Amino acid sequence: MSTSPLPICTACGTQYSSPPPHHPSPPPAKSVSTPANSSLPPANHGQPCPNYKKRTKTNSPKTRPNPTPQGNILWDLITLLDPETVDFIKSKGGLKAIVISHPHYYTTYVEWARVFGCEVLVSKEDREWLCREPEGVVRFLEGEVEEVVRGVTAIKTGGHFRGSLVLCWEGRLCIADTIVTVPSAYTPHPRPPGQTSYSFQWSIPNMIPLPPDDILRIWRAIKPFKFDTTHGAFVGMDVRDKGLKRRMLESMKIQVRGEGWDKHEILEEVVDEVEGSI
Ligand SMILES: [Zn+2]
């Protein structure tokens, strides 16, 4: 495997061009590994440590090839790029592009781009978190919405990070943890009224929620798109429901009311009956 021997933080999975700085992150941080010794520990998901990764296989929801007639678009990355993963993706036709939702998934993006000969798309707002930036690898998303290839759209929602993205493809919304899937999302129908499906967090392990204006921005970003499926950050975080867009908005209102707001623009928002499902 032609991966670089550059050091990888064992706490967050980020590959650096030099020994990494000390992260103000919880134990067991502050040690490094290399691709040849990638015994990465379980996730340590805490800002400002920019990345975290568990070792999972490429066909898990975390690293998701989205096939299109124009080529495969890979959504988010894991640190470990082993021959099995490379063979699997190449057997599916390789990659047209990689889109990374936010810095927790930057990991070894330079290695992935080189192995598959494709560009990596990230938000310009999160450029400060890139630990390596060789020429010709990264393309920055400048606008709020960009169709990566026909039918696959990167949507900038902000919130969790300033440039946090989701990706819409054929009624599926890949949300990573830009939008957090919560356990009650899986309550079967008939669902009790007022039960939430998603949470909107600035920091997930430190449980710092997003304020109403940030939640409203997320809603306005995704509102024009139809979806009935969300793919979350980990295995088992997929949700499918023809009323899912309404549940997304309902979850936003539940959180905003829980934060003490009786009046806010987000509480006046509605989902069009036609647009709400596909
Ligand atoms: Zn994250």
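Residues numbered from 1 in each chain as written. Predicted model: local features only at pLDDT ≥ 70, side-chain atom pairs only at ≥ 80, totals over all residues.

The name an unreviewed UniProt entry gives the protein is Metallo-beta-lactamase domain-containing protein, with Cladonia borealis as the organism.

K.L.:
Can you break down the confidence of the model for the protein residue by residue, with the values?
P.N.:
Reading predicted coordinates in detail is not appropriate for stretches of low pLDDT. On average, residues of the protein score 84 in pLDDT, and 79% of them reach the 70 mark or higher. Confidence over residues 25-31 falls short of pLDDT 50; this stretch has 17 contacts with residues more than four positions distant or in other chains. In the model, residues 37-62 has pLDDT below 50 throughout and makes 82 contacts with residues more than four positions away in sequence or in other chains. (pLDDT = per-residue confidence, 0-100. Contact = placed C-beta atoms within 7 Å.)

K.L.:
Tell me about the sheet that holds strand β11 (residues 172-176), and name the residues and values.
P.N.:
Pairing between the strands of a sheet comes from backbone hydrogen bonds, and it takes one of two forms, parallel or antiparallel. The six strands lie next to each other as β8-β9-β10-β11-β16-β17, forming an open sheet whose pairing is mixed. What marks the edges here is a single partner per strand, and that holds for β8 (145-149) and β17 (238-240). Direction aside, neighbouring strands of the sheet carry axes that sit 20° apart on average. Where β11 lies against strand β16 (residues 229-232), four bridges are found, and the strand directions are parallel. Looking at the pairing, Arg172 lines up with Thr229 of β16. (Pairing = 2+ DSSP bridges. Helix = DSSP H or I, 4+ residues; strand = E, 2+ residues; numbered from the N terminus. Axes fitted to C-alpha atoms, helices over the stretch in contact; angles between N-to-C directions.)

K.L.:
Let's hear about the packing of helix α3 (residues 212-222) against helix α4 (residues 244-258): which residues, and what values?
P.N.:
Two numbers describe how α3 lies on α4: the axes approach to 10 Å, and their chain directions differ by 175°. In this view, α3 runs roughly antiparallel relative to α4, as classed from their interaxial angle. Contact residues: Pro212, Ile215 and Trp219 in α3; Leu249, Met252, Gln255 and Val256 in α4. Looking at the contact of α3 with α4, its residues break down into six nonpolar, one polar and no charged. (Parallel < 35°, antiparallel > 145°, perpendicular 65-115°, else oblique. Nonpolar A, V, L, I, M, F, W, Y, C, P; charged D, E, K, R; others polar.)

K.L.:
Break down unusual backbone geometry for me, with residues and values.
P.N.:
In this structure, Pro190 follows His189 across a cis peptide bond, with omega equal to 0°. Position of Pro190 relative to the elements: it lies in the loop between β12 (180-181) and β13 (198-199). You will see that Thr107, though not glycine, has its phi angle at about 40°, which is positive. Mapped onto the secondary structure, Thr107 falls in the loop between β5 (97-99) and α2 (109-116). A count of 29 C-beta atoms within 10 Å places Thr107 in the buried class. (Buried ≥ 20, exposed ≤ 12 C-beta atoms within 10 Å, placed from the backbone.)

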